[in-house]
Amino acid sequence: MKGKPQYPFNLKTILICFFFLLFLFLILRSSFSYSQQPSLSTPAIGPLNSTSSEFRLEEKPTTCPSLSNSPPTCTKIPPSLAHALVHYATLNITPQQTLKEISVSLKVLEKKSPANFLVFGLGHDSLMWTALNYGGRTVFLEEDKQWIEQIQAQIPSLEAHHVVYDTKVTQADELLEISSRKECGAVSDPRFSKCQLALKGLPSEIYDIEWDLIMVDAPTGYFDGAPGRMSAIYTAGLMARNRESGETDVFVHDVDRVVEDKFSKALLCEGYLIEQEGRIRHFTIPSHRTSFGRPFCP
């Protein structure tokens, strides 16, 4: 997620064009509807989280109806989208996901946003995900405390939490074997799971929210001493299965690597695999609490 400087210019240009076209679309859409006094939202200041004294800017969503006979309720670009346009127009670093890979998640966000979107990893593409989920809640989980401070110094509005992982990539084979045990197949709140792979040290609100989308693009996993994404993938799947009802779209990036490949297939299940584009896989996992006796994998 951190993203080292990369130099292909096409993706950056396309992203800028996408945000600009979205802006034009909002304007053109209003011209198809009856005119009325616009209802504009004003930013409100609220706490970063329930246990912190820090504050962040929260935007109240501006509702824009689809093309129909209903009158428009917005007439100008949302502040968060304007911020994203300026940010990416002046950024010299290209996000690590390709245009086609980003498009996989974008299709789901177009249908589900405003939504609850949990992202493992904080990087140069984080403002993009927040802007694309306009009006929803987008939260980032990051292993590197200094990196959080660096990114939030540039973009204070991003909501990010520090996470400590106690695994190593060298443990992957052992943990994959452990994942097949009975306790890891039981559906429960990750805080109370008996499975060694469950992440139990996240902020309480992360467990309390039902996430509509979860992106696993961290922690670091490209060398033996790195934490690896074994626990992140398992916990994402457990959160999806443990929701009250409905389904969760889970995305895993870097599936060209052994750990991401094996663990996403085994723990998110090939039967729930919807699509793969390049290095990203998209799984749709239903609630297991509404169907007693549903197997861990279909």
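Right above here is the structure, for reference.
Computed from a predicted model, the values in this text were never measured in an experiment.

Things to note about the state of the cysteines
No. 1: Under the definition given, this model contains two disulfides.
No. 2: What pairs with C184 in a disulfide is C195, and their sulfur atoms sit 2.0 Å apart. The S-S bond linking C184 to C195 shows a torsion near 85 degrees; that makes this disulfide right-handed. Taken together, the residues C184 in helix 7 (residues 182-185) and C195 in the loop between helix 7 and helix 8 (204-208) connect sequence positions eleven residues apart.
No. 3: There is a disulfide in this structure between C269 and C297, and the S-S distance comes to 1.9 Å. Judged by the torsion about the S-S bond (-75 degrees), the C269/C297 disulfide is left-handed. Taken together, the residues C269 in helix 10 (residues 258-269) and C297 in the segment after strand 9 (280-286) connect sequence positions 28 residues apart.

Describing the nonpolar core
No. 1: Ranked by internal contacts, the top residues of the largest apolar core, which has 44 residues, are L118, F120, I214, Y234 and F263.
No. 2: Grouped together as the second largest cluster of nonpolar side chains are 24 residues, L106, L122, A160 and F251 included.

Considering the sheet that holds strand 8 (residues 273-277)
No. 1: Taken in spatial order, the seven strands of this open sheet run 5-4-3-6-7-9-8, and their pairing is mixed. Edge positions in the sheet fall to strand 5 (159-162) and strand 8, since each has one partner strand and no second. Ignoring strand direction, the axes of neighbouring strands in this sheet form an average angle of 15 degrees.
No. 2: Taken together, the five bridges between strand 3 (residues 116-120) and strand 4 (residues 137-142) define a ladder with parallel strand orientation. If you follow L118 over to strand 4, its bridge partner there is V139.
No. 3: Here helix 3 (residues 99-112) sits on the sheet in contact with strand 3, strand 6 (213-216), strand 7 (247-253), strand 8 and strand 9, set at roughly 165 degrees to strand 7.

Comments concerning the pattern of salt bridges
No. 1: Overall, the coordinates contain 18 salt bridges when judged by the stated rule.
No. 2: When the shortest N-O distance is used, the salt bridge between E210 and R243 registers 3.8 Å. Linking E210 in the loop between helix 8 and strand 6 with R243 in the loop between helix 9 (230-242) and strand 7, this pair joins segments that are 33 residues apart in sequence.
No. 3: Exposure remark for E210: the relative accessible area of 28% places this residue in the partly exposed category.
No. 4: One salt bridge in this structure joins D261 and R281, with 2.7 Å as the shortest N-O distance. Placement of D261 in helix 10 and of R281 in strand 9 is noted, with a sequence separation of 20 residues between them.
No. 5: Judged by its relative accessible area of 22%, D261 falls in the partly exposed class.

Points about the packing of aromatic side chains
No. 1: This structure, assessed with the given rule, holds two aromatic pairs.
No. 2: Taking 5.9 Å as the distance between ring centres and 80 degrees as the angle between the ring planes, the aromatic pair formed by F117 and W129 counts as edge-to-face. Here W129 lies in helix 4 (residues 126-132) and F117 lies in strand 3, a separation of twelve residues in the sequence.
No. 3: Owing to a relative accessible area of 0%, W129 belongs among the buried residues under this scheme.
No. 4: Both rings, one in Y222 and one in F223, keep their centres 5.3 Å apart while their planes meet at 70 degrees; by these two values the pair is edge-to-face.
No. 5: Take Y222: its relative accessible area is 56%, and that puts it in the exposed class.
No. 6: Overall, the relative accessible area of 41% leaves F223 in the partly exposed class.
No. 7: When the ring centre of F296 is taken as origin, the NZ or CZ atom of R241, which lies over that ring, is 3.7 Å away.

The rules behind each value
Residues numbered from 1 in each chain as written. Predicted model: local features only at pLDDT ≥ 70, side-chain atom pairs only at ≥ 80, totals over all residues. Heavy atoms only, no water. Disulfide = S-S within 2.5 Å. Helix = DSSP H or I, 4+ residues; strand = E, 2+ residues; numbered from the N terminus. Core = buried A, V, L, I, M, F, W, Y, C linked by side-chain atoms within 4.5 Å. Buried < 20%, exposed > 50% of the residue type's maximum accessible area, 1.4 Å probe, protein only. Pairing = 2+ DSSP bridges. Axes fitted to C-alpha atoms, helices over the stretch in contact; angles between N-to-C directions. Contact = heavy atoms within 4.5 Å. Salt bridge = Lys/Arg side-chain N within 4 Å of Asp/Glu carboxyl O. Phe/Tyr/Trp six-rings, centres within 6.5 Å; stacked < 30°, edge-to-face > 60°. Lys NZ or Arg CZ within 6 Å of the ring centre and 35° of its normal.

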